[in-house]
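A look at the structure
So you can see what is in the structure, the chains are spelled out below.
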Amino acid sequence: MSWRLIIDKGNTYWNMAVDEAILIHREKNLVPNTLRIYVFEPSGVTIGYFQKVREVLNLDYLLENKIDFTRRITGGGAVYHDSEGEITYAVIADIEDIGRDIMESYRIICKGIIYALRKLGLKAVYKPVNDILVNNKKISGSAQTRKKKSLLQHGTLMYNTNLDMLEKTLRPPRIKLEDHGVVRVSDRVTTIYRELGREISIDDIINALIQGFKKAFGIDELLPGNLTVSERKLAEKLYGKYESKVWIFMR
Amino acid sequence: MDIYEVRMLNKRTFIKRVPGGKTLQIDIDCNDRINYILISGDFFAYPEDFIDKLQEAITGKSISEAIKTISLLYKKIKPELLGISIDDIIDILRKACA
């Protein structure tokens, strides 16, 4: 089975618009299964589809520091995407090629990240539904949405996320922290650099992710490619949604 | 399971951290009818618009009508909820509108 590989970067709105544009094109069978690996530039924040902006984000801090934030089409929690510390992945594929069962498909996709981390020398554990832990701390989080025939799962891999910034931009509910048994966000989150005790190159991390997903999905061929003209056009249109107050403040 | 409650004028907020799951928050204004409801949290719902449809469907209804409506909608759409369950939503509604 041949997949398309896209490696790119963009701002918060563009990145979310591109993921949705690819999903819509995949659903119509206009593009192949796609692995997209990307960076948020500049750093930004995304929240889950069902989250209340004011409940989970420190809006004063975000506005004061002109940090972009938007709502995803996927559920799950709020994420700080550090342009110099976090790589995001998106898997857009036919549901049949990953797994019809939702929980099973999360497990399979997360397996790709676990393989990648193993390649980098870290032992990672999958914590259903959507977390990957190293030494009992979160290093990756994912979120999936589905159309009739295809799915989009995107998620993070933190390699050097500024945990101080993460804590300043996000407002975790007190009740959630109590459940985790610790108080500070940075106490339950970690990064590749922190766990390895040294820095490694971004290329090595990207390569590990590519190998990890290839193994997890049994991909024979992963061909470097770009967005089609039609995907790009749709992403430009969706960009407006992702930066609109109506969408962001829906909840 | 403990449900946290915050009151503000007519609108009340109930927060439940589902054991081993996600956070479910319901902002609600109800007396004999549900005047307003907003369901939020870091859970997953497939399809996502099940939650939006549920909110719309029970607004203006009494609690007993609302619960009937929810089970009908649940049977019709057959959503898959991850991190919360439909009973978590119903439990909070019952408590809020008691």
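Model, not experiment: these values are computed from the prediction. (Residues numbered from 1 in each chain as written. Chains lettered and ligands numbered in written order. Predicted model: local features only at pLDDT ≥ 70, side-chain atom pairs only at ≥ 80, totals over all residues.)

Residues and elements named next belong to chain A. Across the sheet, eight strands lie side by side as β7-β8-β9-β10-β6-β2-β1-β11; this open sheet has mixed pairing. The sheet is open, and its two edges are formed by β7 (124-127) and β11 (221-224), each paired on a single side. Across the sheet, the axes of successive neighbouring strands diverge by a mean angle of 20°, strand direction being ignored. (Pairing = 2+ DSSP bridges. Helix = DSSP H or I, 4+ residues; strand = E, 2+ residues; numbered from the N terminus. Axes fitted to C-alpha atoms, helices over the stretch in contact; angles between N-to-C directions.)

What follows deals with the environment of W3(A). Residues and elements named next belong to chain A. Tracing the sequence through the fold places W3 in strand β1 (residues 2-10). Assessed through the 21 C-beta atoms surrounding it within 10 Å, W3 is described here as buried. If we ignore the near neighbours within four places in the chain, the residues touching W3 are P32, N33, T34, L35, I219, E221 and L222. (Buried ≥ 20, exposed ≤ 12 C-beta atoms within 10 Å, placed from the backbone. Contact = placed C-beta atoms within 7 Å.)

Facing 18 residues of chain B, the contacting portion of chain A comprises 18 residues. Residue assignment for the side of chain B that touches chain A shows that the elements contributing at least two residues are β2 (11-17), β3 (23-30), β4 (34-41), β5 (44-46) and β6 (80-82) of chain B. Considered class by class, the residues forming the side of chain B that touches chain A number nine nonpolar, five polar and four charged. (Nonpolar A, V, L, I, M, F, W, Y, C, P; charged D, E, K, R; others polar.)

What follows concerns helix α1 (residues 12-27) of chain A. Residues and elements named next belong to chain A. Its 16 residues give α1 an end-to-end C-alpha distance of 23 Å, which sits within 8% of 22 Å, the value for a rise of 1.5 Å per residue. In terms of burial, α1 is largely enclosed, as 15 of its 16 residues are buried. One or two residues past the end of α1 sits N29, with phi positive at roughly 60°. (Expected span 1.5 Å × (residues − 1).)

This part covers the pairing of strand β8 (residues 131-134) of chain A. All names here are of chain A. Along β8, the buried face is formed by I132 and V134; none of D131 and L133, which line the opposite face, is buried. Bridging between β7 and β8 involves four bridges; their strand directions are antiparallel. Paired with A124 across the bridge in β8 is V134. The antiparallel pairing of β7 with β8 creates a hairpin that spans three residues between the two strands. Here four bridges tie β8 to strand β9 (residues 137-146), and the two strands are oriented antiparallel to one another. Bridge pairing in β9 places L133 opposite K138.

This next bit is on the confidence of the model for chain B. Residue and element names in this part refer to chain B. For chain B, per-residue confidence averages 92 on the pLDDT scale, and 96% of positions sit at 70 or higher. Per-element confidence in chain B ranges from a low mean pLDDT of 71 for strand β1 (residues 4-8) to a high of 98 for β5. In the predicted complex, the global pTM is 0.94; the interface-specific ipTM is 0.93. (pLDDT = per-residue confidence, 0-100.)

Moving on to helix α5 (residues 102-119) of chain A. Residue and element names in this part refer to chain A. Taking 1.5 Å of rise per residue, 18 residues should cover 26 Å, and α5 covers 26 Å from first to last C-alpha, within 8% of that figure. Within α5 the residues assigned to the buried category are S105, Y106, I109, C110, G112, I113, I114, A116 and L117. One or two residues past the end of α5 sits G121, with phi positive at roughly 95°.

On to the packing of helix α1 (residues 49-58) of chain B against helix α2 (residues 63-77) of chain B, then. All names here are of chain B. With their axes 10 Å apart at the nearest point, α1 and α2 run at an angle of 150° to one another. In terms of orientation, α1 lies roughly antiparallel with respect to α2. Crossing of α1 against α2: the hand is right-handed. Residues F50, K53, L54, A57 and I58 of α1 touch α2, and the partners they reach there are A66, T69, I70, L73 and I77. (Parallel < 35°, antiparallel > 145°, perpendicular 65-115°, else oblique. Left-handed = near helix turned anticlockwise from the far one by under 90°.)

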